[in-house]
Every structure is written in C-alpha cells, then in structure tokens.
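# Examination of the molecular architecture
Listed here are the chains, written in short residue letters.
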Amino acid sequence: MTDTSTATAASIPLAPRALPLLGHALPLLRDPLAFIMSLSEYRKMVRVRLGPSTAVMICDPALTRQVFLNDRVFDKGGPIYDRISEVIGDGLSTCSYPLHRRQRRLCQPSFHPTRLVGYGAVFARAAQLKAASWNDGDVLDITQEMMTLTTRATMETMFSGALPAETMRQSLTDTATIVSAFFRRMMTPAPLRRLPTRQKRRYDDARNRLSATIAEIVAERRADPTDRADLLSALVAAVDEESEGGQKQLNDHELADEALTFFLGGMETTAITLAWALHLLATNPDIQHRLQVETDDVLAAGRLEASHLPELDLASRVVTETLRLYPPAWMMTRAVRQDTELGGVRLKGGSTIVLSPYLLHRRPDLYTEPDRFDPDRWTGAQPDRNTYIPFGVGARKCIGDQFALAEAILALTAIVARWELTPIGDEPFKPKVETSLSSRGLTLRIGARRTAGAGTAQLHAAAPRSTPAQPVTEPGAPTCPVTHQE
Ligand code: HEM
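Remember, it's a predicted structure, so these values are computed and weren't measured experimentally.

Let us look at the sheet that holds strand 7 (residues 340–342). Hydrogen bonds along the backbone pair up the strands of a sheet, which may run parallel or antiparallel. Strand order across the open sheet formed by three strands is 1-8-7, with mixed pairing between neighbours. A single partner strand is all that each edge strand has here, and the edge strands are strand 1 (7–8) and strand 7. Across three bridges, the pairing between strand 7 and strand 8 (residues 345–347) is antiparallel. Bridging across to strand 8, threonine 340 finds its partner in leucine 347.

This is the structure in structure tokens:
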C-alpha cells in the first residue's frame, strides 16, 4: 500500500563515487566486499547504481527481514536472478511468486527430515572416501577437492548413482564456468552480454551441455520411475493436491529445471562453505585441535554415521560461524512488483532491491569482533533470525539448508579425524567475489595427525564402499544440532 506522506526513493542517499554510465560497477567489480561494507554506515538504505539502473541496498536487519517476508511484493528477480534464470529457467529458486508455492509444495518432500537419514549416510561415506584419497604432505586445491566431494554426494543423493568419470569431470568444469560467469554477466549491460565473445561461447556451451546431461538423467528416470530413495524419485512422485487444473505433478520440463536447480544450488554453495571452514581451521590450529578431540570422542564408538550429527557440537558451530563470515549467497536481489512503502520511503513497482547477508553478518554493532572466527560465540546460542541469514528468510528460504548442514558437518568431521590442515604461506586469502563468495584458488597442506585419535583409527580401519542412498525407514531422522528455523 502506498502512503502519500512518505518520502520518495530519491530521498535515499546515493552511495559515493558513482560514475556516469558505469555507476558503481567499478568498485563493485574491483573490491565488492569493501564496497558493500563501506555502505553499512548508511544503516537503513542506500542507492547503488548498476550501469544505467539504480538499486536500493538494504543495510538494516529489520528491513531486510521485511523484504524477505513479503515475497509477493518483493519478488524474486533483479539482476542476479535474471542471469541465473538464463540457466535454470523457472526452477524453484528463480520462479516468480505466482508459480512459487505450487513448486515449493512439490519439491518439499524431497527434503523431508526422514529422507535426511539416507542422504546423511551418503555424505558420511563420500567424505570418508575423499579423506582416504589424500596422502601425507599433499598440497591440495581445497575448493576443487570439495567440489568433487559435493558433486559426488549430490549425484548420489539426487540420482542414486555416479555419472561416468568423463561426464562428471565435464559437469564440474561446466558448473564452475556457469557460476563464475553469473556475476560478470550481471554487471554487463544487455547489448554487451549478447556479443559473440569467446567467453560468451564458453558460457553457452557449458550451459547447454549441463542442461543436456540433466535432461538425459530425467528422461531415463521417467522411463523407469522405480523409487530409488533419492531426490529425483521424490520429485517424480510428488503430487500437489492443492494445484488446480490438472497440474498436480511436475512435467518433464519442470522436473529438469528443478533437478538442475538443486544441482547448481546445492553443490557449489556447500563445497565453498567446506573449503572456507577448512581454511579457518587451518589458520586457527587451537580450534582445529579441539575439533579433533570432539571427533575422537564421538568416533570412539564406531565409524562416522549420520546418527552422530547431534553429538557433533563444535563441528556444527564451526559451520555456523563459517557461514556467518563467508555466506556463499553474499548478496541477493529482489524485484519490486508494485508501488509500495519500505522503512518510510515510497518505492516504485519495477525497482530493484539488494540484500546482503555479508553486510549484516559483519556489522560491528551486531557482532562483537565481527571479523574474528569464533565458533564459541554460538555455544548454547541459536543464531538470531534477523541478523544471521546465510540461508535467507521466509517462504523463499533455502530448501536445502538441513541437507547442506548435515553434509558440511559430516565432511568436516571425516576430514579432521584423519588429517591436520595447515595454510600455505602467510598472506591472508581473499574471497573471489562472484555470485557466491568463492574460495577458488585456495590451497592447503594436508598432514598426518601428530596425535592419532580414535577417529583416525576408525577411518583407517574401514574405507567404506560407495553404495546408493538407502530407503529411509527410521521414524526420527537426526537433525543438525544448530537448526536454522524460522
Ligand atoms: C551452504 C549451503 C547453502 C547455502 C549457503 C544456501 C543459501 C541459499 C539462500 C541464501 C537461499 C535464498 C535465496 C533468496 O532468498 O534469494 C537459497 C535458496 C535455495 N536453495 Fe540453497 N543454499 C545452500 C545449499 C543448498 C542445497 C544443498 C540445495 C539443494 C540440494 C539448495 C537449494 C536451494 C533452492 C532450491 C532454493 C530456492 C528456494 C525457494 O525459493 O523456495 N541450497 N539457498
């Protein structure tokens, strides 16, 4: 509803250093995080120019929540999602409000807590296999290692099987090409985006190849829809009783869009969260040591299982703190669908809103020593729903949050149980800012643990065989110690 007594958007201050035509594209491309943090002094809202268009950046936690919760007016859209939808069409993460609720109801069964038991078993096995593949003294491209880990785990939980090695390798390369192109394409004006450059051809090829791979998997499953207790089976079987006009199930096209959405949405975000967590542990050896002690205690009774999740308290707090410092979705956009009012300011339909978990998570008035890695800030404390938002808020909140947390906590545990991680060199490692806060290029040294604990023995004793996700029969699925509930 529009209130005529409120100020217009022109009253919102414009961030300094805007250039004609380019707006703030240069500082955003050169050092986006420094630029975003420089805006936190505005407290409420500030205008930012992305080429010819102007966006309103929200700096205040309560206003951020208000935008997230009113997804009918502040709908998915804006430069980030416009670019992402070039790849995943109208999948759950990009579809607009009128399509969203039906799609969410159809996708939700895939992430039901009871299914997490089967997925957790896959995560634990995949992480132990990955940890067993390294050698003492290896210097690893840790982001690449975590990408192969989460790709395998995602493939197995989604499609209950691995792709042929070459297809898997190509899918990884294509995913990296697509994801790293999103941010650049977001900053590039439309006519330039269409130019047939080498970069554009690489992007188009990667997009077409990955879509074709997923479409092939979906077509095979349609031909043989036996329930394999994986994500795709749940999607194929999902029925929405509330849908009208006979559209109670996902059609082939929608299925492929959702499968690609889960694949792209889940794999890279979880991989970089893990890479950052390992980096933070390597640079904070005291916390790494405490985590090894926790791991040894928990694994003294047997091999790592999903049922250990509730006991992995420090591992869970390490993941929570990693997501505070390096939220993969560091910035999100929204399209204002109709004239409205926000924080006493009138906004026109068609405006663009920018939200940033990174900005909120690092504000010194919201977190003590915000740049310090301190998992103990979460001891006995649940994250605040206004100021801690790595998975977003409300109806569009991440559908895979518990899936990702379980995967990350189990993988961290499997790795530190076996290895000691140390950084390479003394220079601080800076994120590569893309659509996500990438850890691309991060290397770590892996060494045998000086004090081999029970966990190491357990992991050495049983290098598990990879098997498809098991049907879930247990009545109560383990939940992560830190839940990110609304
Ligand atoms: C650490 C890992 C992850 C992080 C930090 C993360 C973060 C997010 C965020 C911030 C959103 C909301 C975006 C917005 O409101 O604009 C989101 C949505 C979404 N995420 Fe995740 N995500 C992660 C893992 C996953 C996984 C594992 C999957 C699936 C397997 C997944 C699938 C999705 C989907 C489908 C949506 C759209 C939900 C909707 O609009 O209803 N994500 N994610």
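With respect to spatial proximity, 31 residues lie near the ligand, and among them Tyr81, His100, Arg104, Arg334 and Cys398 are the closest. Taking arginine 104, its side chain carries an N or O atom lying 2.8 Å from an oxygen atom of the ligand. One of the side-chain N or O atoms of arginine 396 is found 2.9 Å from an oxygen atom in the ligand. Put simply, the parts of the chain that give the shell around the ligand at least two residues each are helix 5 (97–107), helix 12 (252–282), strand 6 (332–336) and helix 16 (401–418). Broken down by element, the shell around the ligand gets its largest block of residues, seven residues, from helix 12. Per-class residue counts for the shell around the ligand are 16 nonpolar, ten polar and five charged.

Let us look at the pattern of salt bridges. Taken as a whole and assessed by the stated rule, the structure comprises 27 salt bridges. Between arginine 372 and aspartate 374 there is a salt bridge whose closest N-O contact spans 3.5 Å. On the basis of relative accessibility, which here comes to 16%, the residue aspartate 374 falls in the buried class. Across the salt bridge formed by lysine 397 and aspartate 401, the nearest N and O atoms sit 3.2 Å from each other. No difference in accessibility class separates lysine 397 from aspartate 401, as the two residues are buried. One connected set of salt bridges, linked through shared partners, spans Arg290, Asp313, Arg317 and Asp376.

Counting protein donors to the iron atom of the ligand gives just one, Cys398 (SG), placed at 2.3 Å. Considering the arrangement of structural elements, one finds cysteine 398 in the loop between helix 15 (357–361) and helix 16.

What follows is about helix 7 (residues 142–159). With 18 residues, helix 7 extends 25 Å from end C-alpha to end C-alpha; this agrees with the ideal 26 Å at 1.5 Å per step. For helix 7, the tally of buried residues reaches 16 of 18 residues, placing the bulk of the element in the interior. Serine 160 sits one or two positions beyond helix 7 and adopts a positive phi of about 40 degrees.

The buried fraction of helix 4 (residues 78–88) amounts to eight of the eleven residues, a majority that puts the element mostly inside the structure. Burial in helix 4 covers these residues: Gly78, Pro79, Ile80, Tyr81, Arg83, Ile84, Val87 and Ile88. One or two steps after helix 4, the chain reaches glycine 89, where phi turns positive at roughly 55 degrees.

With that settled, consider the confidence of the model for the protein. Taken as a whole, the protein shows an average pLDDT of 86; of its residues, 90% reach a score of 70 or greater. Within the protein, helix 14 (residues 313–325) carries the highest mean pLDDT (98), whereas helix 17 (residues 454–461) carries the lowest (51). In this model residues 460–486 is a low-confidence stretch, pLDDT under 50, and it forms 71 contacts with partners more than four residues away in sequence or in other chains.

Together, Leu19, Leu21 and Leu22 make up a nonpolar patch on the protein surface, roughly 310 Å² of accessible area in all. For leucine 21, the position within the fold is in the loop between strand 1 and helix 1 (25–30).

Here we take up the packing of helix 14 against helix 16. Orientation of helix 14 relative to helix 16, taken along the N-to-C sense of each, is 120 degrees, at an axis distance of 9 Å. Relative to helix 16, the element helix 14 lies oblique. Where helix 14 crosses over helix 16, the two elements pack in a sense that is right-handed. Between helix 14, through Ala315, Ser316, Val318, Val319 and Leu323, and helix 16, the contact on the second element is made entirely by Leu405, Ala408, Ile409, Leu412 and Thr413. Its residues placed into classes, the contact of helix 14 with helix 16 shows eight nonpolar, two polar and no charged.

What follows deals with the nonpolar core. Membership of the largest hydrophobic core comes to 142 residues, with the highest contact counts inside it found for Met57, Ile58, Met146, Trp330 and Ile353. The element that contributes the greatest number of residues to this core is helix 12, accounting for 18 residues. Ignoring sequence-local partners within four residues, the contact set of isoleucine 353 consists of Val56, Ile58, Val67, Phe74, Met332, Thr333, Arg334, Val336 and Leu347.

Negative phi characterises most residues that are not glycine, and trans characterises most peptide bonds. The phi angle at arginine 17 is positive, at roughly 70 degrees, despite the residue not being glycine. Here arginine 17 shows up in the loop between strand 1 and helix 1. On the accessibility criterion, arginine 17 (58% relative accessible area) is exposed. One non-glycine residue, alanine 229, adopts positive backbone phi at about 60 degrees. Locating alanine 229 in the fold gives a position in the loop between helix 10 (198–223) and helix 11 (231–237).

All right, on to the packing of aromatic side chains then. Per the counting criterion, the structure on display carries eight aromatic pairs. Between phenylalanine 111 and phenylalanine 403, the aromatic rings sit 5.9 Å apart at their centres with planes inclined by 70 degrees, giving edge-to-face as the arrangement. Of this pair, phenylalanine 111 sits in the loop between helix 5 and helix 6 (116–132) while phenylalanine 403 sits in helix 16, and the two are 292 residues apart along the sequence. By relative accessible area, which is 14% here, phenylalanine 111 ends up buried. Joined through ring pairs, the aromatic side chains of Phe111, Tyr119, Phe123, Phe262 and Phe403 make up one cluster. It is arginine 362 that lies over the ring of tyrosine 326; its NZ or CZ is 5.4 Å from the centre.

Across the two faces of strand 9 (residues 352–355) the burial is the same, with Thr352 and Val354 and Ile353 and Leu355 all buried. Where strand 3 (residues 53–58) meets strand 9, three bridges bridge the pair, whose relative direction is parallel. Each residue of the ladder has a partner; that of valine 56, found in strand 9, is isoleucine 353. Sheet analysis places strand 6 next to strand 9, joined by four bridges and oriented antiparallel. Residue pairing for strand 9: methionine 332 is matched across the bridge by leucine 355.

Cut-offs applied
Residues numbered from 1 in each chain as written. Predicted model: local features only at pLDDT ≥ 70, side-chain atom pairs only at ≥ 80, totals over all residues. Heavy atoms only, no water. Pairing = 2+ DSSP bridges. Helix = DSSP H or I, 4+ residues; strand = E, 2+ residues; numbered from the N terminus. Near = heavy atom within 4 Å. Polar contact = N/O pair within 3.5 Å; in protein donor to acceptor, adjacent residues only side chain to side chain. Nonpolar A, V, L, I, M, F, W, Y, C, P; charged D, E, K, R; others polar. Salt bridge = Lys/Arg side-chain N within 4 Å of Asp/Glu carboxyl O. Buried < 20%, exposed > 50% of the residue type's maximum accessible area, 1.4 Å probe, protein only. Donors = N, O, S within 2.8 Å, 3.2 Å for Na, K, Ca; no water. Expected span 1.5 Å × (residues − 1). pLDDT = per-residue confidence, 0-100. Contact = heavy atoms within 4.5 Å. Patch = residues over 30% accessible without salt bridge, like charges linked within 9 Å, V, L, I, M, F, W, Y side chains within 5 Å. Areas by Shrake-Rupley, 256 points an atom, 1.4 Å probe, with all protein chains shown as cover. Axes fitted to C-alpha atoms, helices over the stretch in contact; angles between N-to-C directions. Parallel < 35°, antiparallel > 145°, perpendicular 65-115°, else oblique. Left-handed = near helix turned anticlockwise from the far one by under 90°. Core = buried A, V, L, I, M, F, W, Y, C linked by side-chain atoms within 4.5 Å. Phe/Tyr/Trp six-rings, centres within 6.5 Å; stacked < 30°, edge-to-face > 60°. Lys NZ or Arg CZ within 6 Å of the ring centre and 35° of its normal.

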